[in-house]
Amino acid sequence: MQFRDLIKQYEALKSEIDHALLTAVASGHYIMGKEVTELEHRLVDYVGAKHCITCANGTDALTLALKVWQIGPGDAVFVPDFTFIATAEVVSLEGATPVFVDVDSRSFNICTESLEKAIQHTLSEGKLTPKAIIAVDLFGLPANYPAISEIAKKYQLWVLEDGAQGFGGAIGQQKACSFGDISTTSFFPAKPLGCYGDGGAVFTDNDEWADHIRSLKVHGKGTDKYDNVRIGLNSRLDTLQAAILLSKFEAFKNEELDQVNQIASLYTQRLSTLYTTPWIPDGYYSSWAQYTLIMETNDQRNKLQHYLKGHGIPTMVYYPKPMHAQTAYAHLNYTAAQNPVSHSLSQTVLSLPMHPYLTEEEVNRVCDKILEFDR
Ligand SMILES: *Cc1c(COP(=O)(O)O)cnc(C)c1O
């Protein structure tokens, strides 16, 4: 059994993917081929944003947003403490300071009470200027955007939705990657919609920002590539990756999202009496980048992981260290007590095999072994 079986997906979609790849290769347009534009149109329609700008990866997508907002030294950007390093790293790379906010113990996403406290604390200290909030749709579940937007409005901050894990999720009828002033996603192979290499996208309704990002991602181009009006990046999505994404997109929308939701329901149905299973608030829809249990203790988590491994069942710890505990951020001098939920989750979470091509039998085998495990 694989934790996330990308080969099984390839085998299921082989004829579409092979055809798309060969067509793209034969076309000779390896950079900015027509597949890239077509993909952007399809993603805009799906997400319900006005603009989609594809780019080289999900980290660059975040960077492009921060660059458009000219975030830099002296600025504070509020980031959930419990996330993948990219969310925080991009802030530091622009010379700004990430402020690590604790997360909600049930949703794993940024805690809006802690967020408001962190903003007030930053303001009262007077050293940094609050500029933006990066909310992450962790494990596929959209963050609490109704509450986040209200706080952003109150303190006049921009909202950047890091939807790297959240593509395909929704709150009511509104799709993930449409909640931020700018939203981003990643097409890294293991994300909900993955390509066969690196890829990413930026979404926004703002025409001016969209133009600016289209320029930034191609060396700050003006009227053409050899007219450079600003300092930019080389951050294009390859034609081949766009072709792969186009060939996977129908199955993603029409089948895979349903399949991961059914698998999640089965896990929850079988495990929730004994363990803390993921919480999906009313009206929220997850794209299930991960299915994550919360165990009682670190020891129990580690023993269960070991036990499952012995039975050929792969699991992962996302994430073993919150941002504040990373060596790269030791200079910010956070303590575990400042963000107790993030600390505690890093000790107790365990993510189970999750992908659209897991069979019911496989899910049941994972559950049988977990229920057999002597706590
Ligand atoms: C994967 C990920 C990213 C970065 O995406 P890449 O395409 O790998 O650069 C950013 N934020 C989160 C939360 C992620 O999980």
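Residues numbered from 1 in each chain as written. Predicted model: local features only at pLDDT ≥ 70, side-chain atom pairs only at ≥ 80, totals over all residues. Heavy atoms only, no water.

J.: Could you clarify how one ought to interpret the overall build of the protein chain in this entry?
T.: Helix and strand counts for the protein chain stand at 11 helices and 12 strands. By the compact-globule yardstick of 21 Å for 375 residues, the protein chain fits well, its C-alpha radius of gyration being 21 Å. C-alpha atoms of the protein chain, sized along the principal axes, occupy 65 × 60 × 35 Å. Across the protein chain, contacts joining residues at least 24 apart in sequence account for 72% of those joining residues at least 6 apart. (Helix = DSSP H or I, 4+ residues; strand = E, 2+ residues; numbered from the N terminus. Rg over C-alpha atoms; globule rule 2.2 N^0.38 Å. Contact = heavy atoms within 4.5 Å.)

J.: Got a minute to help me understand the sheet that holds strand E3 (residues 97-101) in this structure?
T.: Within a sheet, each strand pairs with its neighbour through backbone hydrogen bonds, oriented either parallel or antiparallel. Across the sheet, 7 strands lie side by side as E1-E9-E8-E5-E4-E2-E3; this open sheet has mixed pairing. Looking at which strands have only one partner, the edges of the open sheet turn out to be strand E1 (51-55) and E3. Across the sheet, the axes of successive neighbouring strands diverge by a mean angle of 25 degrees, strand direction being ignored. Pairing of strand E2 (residues 75-80) with E3, which is carried by 5 bridges, proceeds in the parallel orientation. Across the sheet, residue Pro-80 finds its bridge partner in E3, namely Val-101. (Pairing = 2+ DSSP bridges. Axes fitted to C-alpha atoms, helices over the stretch in contact; angles between N-to-C directions.)

J.: Which parts of the structure should I look at to understand the nonpolar core?
T.: Soluble globular proteins tend to bury their nonpolar side chains together. Phe-82, Phe-108, Tyr-267, Tyr-291, Leu-293, Leu-352 and Ile-370 are the most contacted members of the largest nonpolar core, which has 36 residues in total. Contributions of two or more residues to this core are made by helix H8 (239-271), strand E11 (291-294), helix H9 (298-310), strand E12 (349-352) and helix H11 (360-372). Looking at this core, the element that brings in the most residues is H8, giving 6 residues. If sequence neighbours within four positions are ignored, Ile-370 has contacts with Leu-271, Tyr-275, Leu-293, Leu-304, Leu-308 and Leu-352. Counting 29 residues, the second-largest nonpolar core is a separate cluster that includes Leu-64, Ala-88, Ala-96 and Phe-100. (Core = buried A, V, L, I, M, F, W, Y, C linked by side-chain atoms within 4.5 Å. Buried < 20%, exposed > 50% of the residue type's maximum accessible area, 1.4 Å probe, protein only.)

J.: In this structure, what is going on with helix H3 (residues 58-68)? I would like to understand it.
T.: Across the 11 residues of H3, 9 count as buried, placing the element largely inside the fold. Buried residues of H3: Gly-58, Asp-60, Ala-61, Leu-62, Thr-63, Leu-64, Ala-65, Leu-66 and Val-68, and no others. Two or three places before Thr-59, at the opening of H3, Asn-57 has a side-chain oxygen 3.0 Å from that residue's backbone nitrogen. Downstream of H3 by one or two residues, Gln-70 has phi in the positive range, about 50 degrees. (Polar contact = N/O pair within 3.5 Å; in protein donor to acceptor, adjacent residues only side chain to side chain.)

J.: I would appreciate a short explanation of the packing of aromatic side chains in the present structure.
T.: How two aromatic rings sit relative to each other is given by the distance of their centres and the angle of their planes. All told, the structure shown has 22 aromatic pairs when counted by the stated rule. Summarising the aromatic geometry, the rings of Tyr-307 and Phe-373 are spaced 5.5 Å apart at their centres and angled 50 degrees between planes, so their arrangement reads as tilted. Note that Tyr-307 is positioned in helix H9 and Phe-373 in the segment after H11, a separation of 66 residues in sequence. Among the residues examined, Tyr-307 registers a relative accessible area of 23% and is labelled partly exposed. The class for Phe-373 is buried, based on a relative accessible area of 10%. Among the aromatic residues, ring-to-ring pairing joins Phe-3, Phe-82, Phe-84, Phe-108, Phe-139, Tyr-318 and Tyr-319 into one connected group. Taking the ring centre of Tyr-46 as reference, the NZ or CZ of Lys-175 above it sits at 4.6 Å. One residue, Lys-191, lies across the ring of Phe-84, its end atom 5.8 Å from the ring centre. (Phe/Tyr/Trp six-rings, centres within 6.5 Å; stacked < 30°, edge-to-face > 60°. Lys NZ or Arg CZ within 6 Å of the ring centre and 35° of its normal.)

J.: Got a minute to help me understand the site of the ligand in this structure?
T.: Taken together, 14 residues are adjacent to the ligand, and Gly-58, Thr-59, Asp-162, Ser-186 and Lys-191 come closest. Burial of the ligand by the protein amounts to 93% of the accessible area it has alone, namely 380 Å². Looking at the shell around the ligand, the elements that each hand over two or more residues are H3 and helix H4 (86-93). Its residues assigned to classes, the shell around the ligand comprises 4 nonpolar, 8 polar and 2 charged. (Near = heavy atom within 4 Å. Areas by Shrake-Rupley, 256 points an atom, 1.4 Å probe, with all protein chains shown as cover. Nonpolar A, V, L, I, M, F, W, Y, C, P; charged D, E, K, R; others polar.)

J.: Looking at this structure, I do not really get the state of the cysteines. What am I missing?
T.: In a disulfide, the sulfur atoms of two cysteines are held together by a covalent bond. For the coordinates displayed, the defined rule picks out 0 disulfides. Free of any disulfide, Cys-195 has its nearest cysteine sulfur in Cys-55, 11 Å distant. (Disulfide = S-S within 2.5 Å.)

J.: When you look at unusual backbone geometry in this model, what are you seeing that I'm missing?
T.: Trans is the prevailing form of peptide bonds, just as negative phi is the prevailing case for residues other than glycine. Looking along the chain, the bond that leaves Tyr-318 and enters Tyr-319 is cis, with omega of 5 degrees. When you line up the elements, Tyr-319 lands in the loop between H9 and helix H10 (340-348). For Met-32, which is not glycine, the phi dihedral falls at a positive 55 degrees. For Met-32, the location among the structural elements is in the loop between helix H1 (6-27) and helix H2 (34-47).

J.: Which parts of the structure should I look at to understand the side chain of Thr-277?
T.: One can find Thr-277 in the loop between H8 and strand E10 (284-285). Residues within four places of Thr-277 in sequence aside, it is in contact with Thr-268, Leu-271, Ser-272, Tyr-291 and Leu-293.

J.: Please clarify how the pairing of E1 should be interpreted in this entry.
T.: Burial within E1 is extensive, with 5 of its 5 residues counted as buried. Across the two faces of E1 the burial is the same, with His-51, Ile-53 and Cys-55 and Cys-52 and Thr-54 all buried. Pairing of E1 with strand E9 (residues 200-204), which is carried by 5 bridges, proceeds in the antiparallel orientation. Counterpart to Thr-54 in the pairing with E9 is Ala-201.

J.: Looking at this model, I keep getting lost on the pattern of salt bridges. Mind explaining?
T.: Side chains bearing opposite charge may pair, as long as their charged atoms lie close to each other. Inspection of the entire model under this criterion finds 15 salt bridges. Among the ionic pairs, Lys-14 bridges to Asp-18, the shortest N-O distance being 2.6 Å. Placement of both Lys-14 and Asp-18 in helix H1 is noted, with a separation of 4 residues, approximately one turn of the helix. Classification of Asp-18 by relative accessible area gives partly exposed; the value is 21%. The network of salt bridges with common partners includes Glu-38, Arg-42, Glu-250 and Lys-253. (Salt bridge = Lys/Arg side-chain N within 4 Å of Asp/Glu carboxyl O.)

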